[in-house]
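Structure at a glance
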Amino acid sequence: MLTVYNCIVHEHDLRLVALAALICGISSFSAVNLLRHVDQSTNRNRYAWLLIAATATGFGIWATHFIAMIAFTPGIPNAYDAELSALSLAASVILTAAGMWIATVRRGIDYTLVGGVVLGTGIATMHYTGMAAFEVQGRIIWNPLLVAVSLVAGLTLAALSMLVVLRRPSTLGTVAAAILLTLAICTLHFIAMAAVSIYPDSSIEISQFTIEPTSQALAAAAASLIILVLSATALWIDLRFRRHRAEAERMHGLANAAVEGLIVCDGNRIVSANDSIAALSGIASATLNRMMLDDLFGARIASGIASGNGQPQEAELYSRDGARIPVELISRSIDYCGKPHDVIAVRDIRERRKAEQEILRLAHFDPLTGLANRRNFATRLEAEIAAAGGSGANGQLALMLLDLDRFKEVNDLFGHAAGDAMLQKVAQCASRVLRHGQMLARLGGDEFAIIAPNLPDPRAAGRIAEAVLAALREENQLSPAGGLVSASIGIALCPQDADEEAALVSHADTALYRAKAEGKDTYRYFEAAMGAEARDRRVLEHDLRHAIARGEFRLVYQPQKEISSGRMIGFEALIRWRHPERGDIPPSVFIPVAEDSGTIAQIGEWVLATACEEAARWRNPLMIAVNVSAVQLHNPNFSGKVHEVLLRSGLAAGRLELEVTETALIKDMPRALATLRQVKALGVRVAMDDFGTGYSSLSNLRAFPFDKIKIDGSFIKSVDRNGQIAAIVRAVLGLGRGLGLPVLAEGVETLDELRFLDAEDCEIGQGYYLGRPGPIEAFGDLTGIPTPAANDRSVSARGGSILMLQPAAALRSN
C-alpha cells in the first residue's frame, strides 16, 4: 500500500489526480443514474438508454485513466499509441454496455453480480490496453501481485456498485453506488500504476506515429467535455424523470382513491392502472401497465376509444380467468407527464344490469308468484287475438279468468303469509297443468288468467279448466287451510264470443261471476244471456253509486214490541230503494250488489245518520235499531263516525242499537271486538243479528259485549208446528236467560207463533203480525209526533201497514 501511496504522491501531479478523481466521480454518478433508467425503461427505450449510459461511463473511465496518466511524471520521454488508445476507449464502452445489459436483463442477484464483474472487466481492459498504448524510452516491468490486487479490487467494487444501485433504488443507494464505482475505477488505476516499474533505456525509441502527451491531454479534455455534457444531460433527464414519476405517483394515488377503475393510455398502450381496475379484472397493476387496451376490451372497442368523442359506451372487460364483465367506458384527454394521454374510466355495471333486469322482470312479472302480470297478460292477449284472426282458422283462443273462492277467509284466519303461500301454490298447481304455449298470469289479488291458444274445439278449454280445479282440490286436501280455498273459472272464446280484447275479458269476467253465483268451485262458459245480465248488473252498480245523491233511498221502520204486554220498545230502520225507471228494488237485490261494488259503506253511513236524525225528533224515547255491515264494522274509524252522528243528531247513545251478524265478526275478530268495545264505551247497545244462521259460536256470545240476541225469522216460521224448530228456539231462549241477555224473535207472522213465544217467555217480538214496515209518519201516535193520518190507520194485524196493539195476555184469552 505504501508503494501505491508513493506512486500517487511522488510520481503524479496531485492537481491532475484530483481532476481525474472529480471526472471519475461525475462519470460514476451519471452512470448509476442512467443505469436506473435502463432498468426501468421499456423495450422500446431500453437500448437507447443503454447506449447513453455505456457511452458516458466508458468515456468517463477512459478520461479518468488518461488524465491520471498525464498526471504521471516518469521523468523520461513518453507518448501514446493512437490505435491502442482508441481501442481502449472502444473496449471501455462495449464492455460497460455488456455489463449493464447483463445486470438489467433479469431480476436476480446473480445477473446483477455478473453484470458488475463484466463492467469491472471493462475498467481493467481499458486500463491495461491504455497502458499498452503508453510508450516510454525505457523498459516497463510489472509487479504480478499488484496487478492481481488491482484486478480483484476493480472487479469487486464494480460488482458491489451494480448490486447497490439495482437492489437499493433510492437516493442514498445512488450516492453509495457512485462512490463504489469511483473507487473501482480509481483503485484499479492507481494500484496498477503502483505495479509499474520503468527502467530508462536510451536504446528504446518512441514510435513516430504516437501521440504527444499534449495531444493526449486535449483528447482527454474532449472526453471530459463529453462526460460533462452527458452527465448534465443525465442529471436533467433524472430530474425530469423524478418530476414525472412524482407526478405519476400523485396521479396514481388520486386514481386509487377512485371507486371506479381508471386507466391511463398512451395510444393503445396502458401506462398506468389503478387498484380498482386491478381488482375488477383480477390482473395486478404492474401487469396491466405492460398490457394493451386490446388485451382488456378487444380491438374494436380499443379503436373506438381512441377515435371516440368522450361519450359513454358499454363494453366487456376480459378478466384474468377469461370471464367477460360488462362495463361502461368514458374516455377523456389529459396531460400526463408532459404528454397528451387518454384516461379511461371503467365502471362496473353488473349491478346496474341486474337492476335493469329486475326492473324489466317487475314490469312484466308478478313478484310474489313469478307469473306474468297484467301488463304482460294484456300484451300477450292482444298478440294472440291478432294471431287467431277473425275466422278462427288457427283454432280457438280461450281466455279463462280464475278467482279464488273465500280467499279472504284464509287471510283472516291464518294471516297474510298463509294467503301469499296459497297464491304461490295456486300458481304452481295451475302452471303444472298448462302446456307449452299456454300462459298463466296473475292480474292482482286472487285473480288469475289463462290464455290458451290454438285449441281444437271449445271443449278443450273446459278440460283445461277442470284440470286446474282438480289440481287445486288435490292441493287443498294437503294444505293447512283444510280445503277452505276453491276456485271459480269463467271461459270466453275468440272469435266465437268476441274478437276484441276488452270484450273478451268482459265476457270471461261475466262467465266467472256466473260460476261463483252457481256454487263456486266450478267453471262456466260465456253465454249471450250472461252478457245481458252482466250489463244489467253494471248499470245497477252505476245507479247505486248515485242513488244517495239523487235522493232515491228512503227508510221504513218496523216495530219491536214486548210480547207479554204489547208495549212498544222501538223500531228497526230498514232501507228501501225506489229507482226512477225500475221502481221499487228489494234489498235482497241491491244489497249484494252494494257489497260487491264497495258502496255498502256509503249506504250504511247514510242509513245510520238518517235513522238517528229521525229518532232524535221523537217525543217518546223509543229505541232505534240499525244494521251494520262487515265493511263498516272493520273500518278503524267506525266508532268515531258513530260518535259524530250522535253528536250531530242529538240522539241519546242509549237509544241506538247496532245489529251485527256473526259473519261480519268472524272476518277479523280482534278488530271487530275492539270496535264493538269502543262503541259500547259510547253507551250504544249492540245486538247479535240472525243468530242461528251463521257460525252460532257460543264463544262469540262470551267474547263480544252483546246486549241482545235476535233469533232469525227462519226459526220462528212454523215454530208452533215443528218440534225440531221449537226445540232450537227453546234452547236459544234458555241460553239468553242464562247469559242475562234479552232475546228478540224476528219474523212473527201468526197468532200461534206469538202464543208459542209468549209461552216460552220470549221477551221481544218483531214481524208482520206485530207491525209491518212503514214510513215513520204512520207511527206518529207511538213516536209522540201525531199526524192527520194517524186516526185513519187500520189496526188489522195483517191487512194494515202497521201493528197489533193487543197485549199477549189478551191474545191468550182469545
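Residues numbered from 1 in each chain as written. Predicted model: local features only at pLDDT ≥ 70, side-chain atom pairs only at ≥ 80, totals over all residues. Heavy atoms only, no water.

Time to look at the packing of helix α5 (residues 109-132) against helix α7 (residues 171-194). Where α5 contacts α7, the axes come no closer than 10 Å and their chain directions differ by 35°. You can see that α5 and α7 cross each other, and the crossing is right-handed. Listed contacts from α7 to Leu119, Ile123, Ala124, His127, Tyr128 and Met131 of α5 are Leu181, Ala184, Ile185, Leu188, His189, Ala192 and Met193. Grouping the amino acids of the contact of α5 with α7 by side-chain chemistry returns eleven nonpolar, two polar and no charged. (Axes fitted to C-alpha atoms, helices over the stretch in contact; angles between N-to-C directions. Helix = DSSP H or I, 4+ residues; strand = E, 2+ residues; numbered from the N terminus. Left-handed = near helix turned anticlockwise from the far one by under 90°. Contact = heavy atoms within 4.5 Å. Nonpolar A, V, L, I, M, F, W, Y, C, P; charged D, E, K, R; others polar.)

The next thing to look at is the side chain of Thr522. As for its position among the elements, Thr522 is in the loop between α18 (501-517) and β15 (523-525). Within the local environment of Thr522, its side chain forms a polar contact with the side chain of Arg524, the two groups lying 3.1 Å apart. In contact with Thr522, not counting residues within four places along its chain, are Leu469, Ala487, Ser488, Ile489 and Ala515. (Polar contact = N/O pair within 3.5 Å; in protein donor to acceptor, adjacent residues only side chain to side chain.)

Among the secondary structure elements, Trp577 is positioned in strand β17 (residues 568-579). Trp577 sits in the buried class, given a relative accessible area of 1%. Put simply, Trp577 and Pro587 are ten residues apart on the chain and 7.6 Å apart in space, counted from C-alpha to C-alpha. Apart from the residues lying within four places of it in its own chain, the contact partners of Trp577 are Leu540, Asp543, Leu544, Ala547, Glu552, Phe553, Gly583, Asp584, Ile585 and Phe590. (Buried < 20%, exposed > 50% of the residue type's maximum accessible area, 1.4 Å probe, protein only.)

Burial analysis of strand β21 (residues 685-691) places five of its seven residues in the buried class, the great majority of the element. Both β21 and strand β22 (residues 708-711) contribute to a ladder of three bridges, which runs parallel. For Ala687, the partnering residue across the bridge sits in β22 and is Lys708. (Pairing = 2+ DSSP bridges.)

On to the confidence of the model for the protein chain, then. Summary statistics for the protein chain give a mean pLDDT of 80 and a share of 81% for residues scoring 70 or more. Per-residue pLDDT stays below 50 along residues 1-6; that stretch engages in six contacts with residues further than four places along the chain or on separate chains. The model gives residues 788-814 a pLDDT under 50, and that stretch makes 51 contacts with residues more than four places away or in other chains. (pLDDT = per-residue confidence, 0-100.)

Turning our attention to the packing of aromatic side chains. With the rule as written, the count across this model stands at ten aromatic pairs. Ring centres of Phe553 and Trp606 lie 6.0 Å apart, and the angle between their planes is 45°; on these two criteria the pair is classed as tilted. Here Trp606 lies in helix α22 (residues 600-615) and Phe553 lies in strand β16 (residues 553-562), a separation of 53 residues in the sequence. Relative accessible area serves as the criterion here: at 7%, Phe553 is assigned to the buried category. A relative accessible area of 22% places Trp606 in the partly exposed class. On the numbers, 5.4 Å between centres and 65° between planes, the contact of Phe571 with Trp618 is edge-to-face. With Phe571 in strand β17 and Trp618 in the loop between α22 and β19 (623-627), this pair connects stretches of sequence that are 47 residues apart. Comparing Phe571 with Trp618, the two get one shared label, buried. (Phe/Tyr/Trp six-rings, centres within 6.5 Å; stacked < 30°, edge-to-face > 60°.)

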